[in-house]
Amino acid sequence: MATIRKFDTKVQHLKYKVLREVARYAFEDRLLDCYHDIPKKIVPGPKPTMRCCIYKERAIVEERIRLALGGDPENPNVIEVIEIACDECPVGGYQVTESCRGCIAHRCEDVCRRGAITFDEHQKAHIDKEKCIECGQCAKVCPYSAIANNKRPCENACKVKAIRRNENMAASIDNDKCIACGACVYQCPFGAIVDKSFLLEVINLLKASEDNTKYKVYAIVAPSISSQFSYAKLGQIITAIRRLGFYHVVEVALGADMVAYEEAAELAEKGFLTSSCCPAFVDYIHKQFPSLVKDISHNLSPMATIARHIKKTDPEAKIVFIGPCTAKKMEAQKESVQPWVDSVLTFEELQALIDARDIDIPSLEETALDNASYYGRIFARSGGLTDAVREALKERGLTDFDFQPVSCDGIEACRTALLKASKNVLPGNFIEGMACVGGCIGGAGCLTHGEKNKNEVDKYGQEAMEKTITSAIEFTR
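Remember, it's a predicted structure, so these values are computed and weren't measured experimentally.

With respect to topology, 4 strands assemble into an open sheet ordered β10-β9-β12-β13, the strand pairing being parallel. The sheet is open, and its two borders are formed by β10 (248-251) and β13 (343-346), each paired with just one other strand. For this sheet, the mean inter-axis angle between neighbouring strands, taken without regard to orientation, is 25 degrees. Pairing of strand β9 (residues 217-221) with β10 involves 4 bridges; the strand directions are parallel.

And the structure:
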């Protein structure tokens, strides 16, 4: 029998194993045994497989358990650093390589304003790290390109420059800059940066609901779920979610339909708008482009919109969002969202929950999802929101509005568009901003990443082509 590959990387698999065991112990009311038992299960010994010794490996697993149980309550950020795991990366920064020829021009020395560059007896350059401010001017002027900027993977992944090195040379996150996109989480080769889990919170909701007789627990699933769990059919995943104890599973894509419909009207009224669907993008505007905050769509995100609809229908309901996004964990804590969304899980955490209950997904029957339109479902990939707003303008009869969208995926593309907008030189009137490259299908909480995910999202969307946005949201009114 072929081995089922559930994750892109071994780091994700290690994180999943800890989450799965914590979930198993929580379901069995044995949480007090977590710190004693799980490190020995994950790192049985006698020889280490990843670190210098099994004792360090187990200590790191203990830190992963802490994050699986909710992390540091004093830290408002959902992204945390396991400092003990962050010790194998080089110091990084600008370094002189073997390509230095010891030339006599010394342009690197002339351009350095801090006197950080000196030369040895062979005229080879050296950089004093205590004086260097990482400006990069020396690298620009070197005729041999002998000065390289060896950034750590986390620093390279963080496009908002929220990661620095602390006094122990471990990664440290500046919460004032961080937008919780999770790029550093996915890119860290040692798994030293992790998103806090609310797994225990969800398990407690399910256990306390008494088979949905005390209150009903709804799972609202992001449209990007169609590109995940490639080893099984989507309908089987929905059945597995129901087997966990959820009363019902609803497509967040229906919330996306509702948002697109309202956002189209808001855009036509105001003339310029930035999207509000991606919480990391919205947070980025607040932190880096405050002058554009007034232009953010006043609509809640699709997650919050569908959760609000369910709670207005069933005020006692508990809502758990399941998706690819670490930033959704921050969004759920916002004052405007907190009343509607009770907790958030990533796809990684969903996989851990399912396996903790020993649910054999490939053997399950399929449960259909039939809430949303094609346009709501394609929100999962870059350009999907733009297509949906264009369709909503048409369905609303607002075809006279000159729709000029700018679709941006990845913070660097978002920065470029927002910078132009702040200077009134953007050739467009609507910015679709997605912090992750590719859109939600590139989220840090995805099981898999890649171009094929876009194709799966489009394929799933096409199954709902018979619906218009208007017909999809009709029953919600």
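Picking up where we left off.
Ranked by internal contacts, the top residues of the largest apolar core, which has 101 residues, are Ile220, Ile241, Phe246, Ile322 and Leu353. With 10 residues, helix α10 (residues 252-270) is the single largest residue contributor to this core. A domain-level breakdown of this core finds at least three residues from each of domain 1 (1-69) and domain 4 (200-476). Aside from chain neighbours lying at most four places away, what touches Ile220 is Val250, Val252, Met303, Ile306, Ala307, Ile310, Ile319, Val320, Phe321 and Ile322. In terms of nonpolar packing, the next biggest core, distinct from the first, is built from 50 residues, Val78, Ile163, Cys184 and Ala417 among them.

Below, the discussion takes up the packing of α10 against helix α16 (residues 384-395). It is the contact of α10 with α16, at a shortest axis distance of 8 Å, that shows an interaxial angle of 70 degrees. On the basis of the axis angle, α10 is roughly perpendicular to α16. In this structure, α10 uses Ala260, Tyr261, Glu263, Ala264, Leu267 and Ala268 to contact α16, whose residues at the interface are Leu385, Ala388, Val389, Ala392 and Leu393.

Our focus in this paragraph is empty space enclosed by the protein. Evaluation of the coordinates by the stated rule reveals 6 cavities of 30 Å³ or more. In this structure, the largest cavity encloses a volume near 310 Å³. Looking at the largest cavity, it is lined by 27 residues, and the ones nearest its centre are Cys277, Pro324, Cys325, Lys328 and Cys440. Breaking the lining of the largest cavity down by element, the ones donating at least two residues are α10, α11 (279-288), α12 (302-313) and α13 (327-331).

Attention now moves to helix α14 (residues 347-356). Count 3.6 residues to each turn of an α-helix, and residues three or four apart come out pointing the same way. Extensive coverage of α14 is indicated by the burial of 10 of its 10 residues. Phe347, Glu348, Glu349, Leu350, Gln351, Ala352, Leu353, Ile354, Asp355 and Ala356 are the residues of α14 that are buried.

Each value, and the rule that gives it
Residues numbered from 1 in each chain as written. Predicted model: local features only at pLDDT ≥ 70, side-chain atom pairs only at ≥ 80, totals over all residues. Heavy atoms only, no water. Pairing = 2+ DSSP bridges. Helix = DSSP H or I, 4+ residues; strand = E, 2+ residues; numbered from the N terminus. Axes fitted to C-alpha atoms, helices over the stretch in contact; angles between N-to-C directions. Core = buried A, V, L, I, M, F, W, Y, C linked by side-chain atoms within 4.5 Å. Buried < 20%, exposed > 50% of the residue type's maximum accessible area, 1.4 Å probe, protein only. Domains from an automatic or database assignment. Contact = heavy atoms within 4.5 Å. Parallel < 35°, antiparallel > 145°, perpendicular 65-115°, else oblique. 1 Å grid on protein atoms, 1.4 Å probe; cavity = no way out; pocket = protein on both sides within 12 Å on 5 of 7 lines; lining within 4 Å. Points joined across faces, edges and corners; volume = space filled by probe spheres on them.

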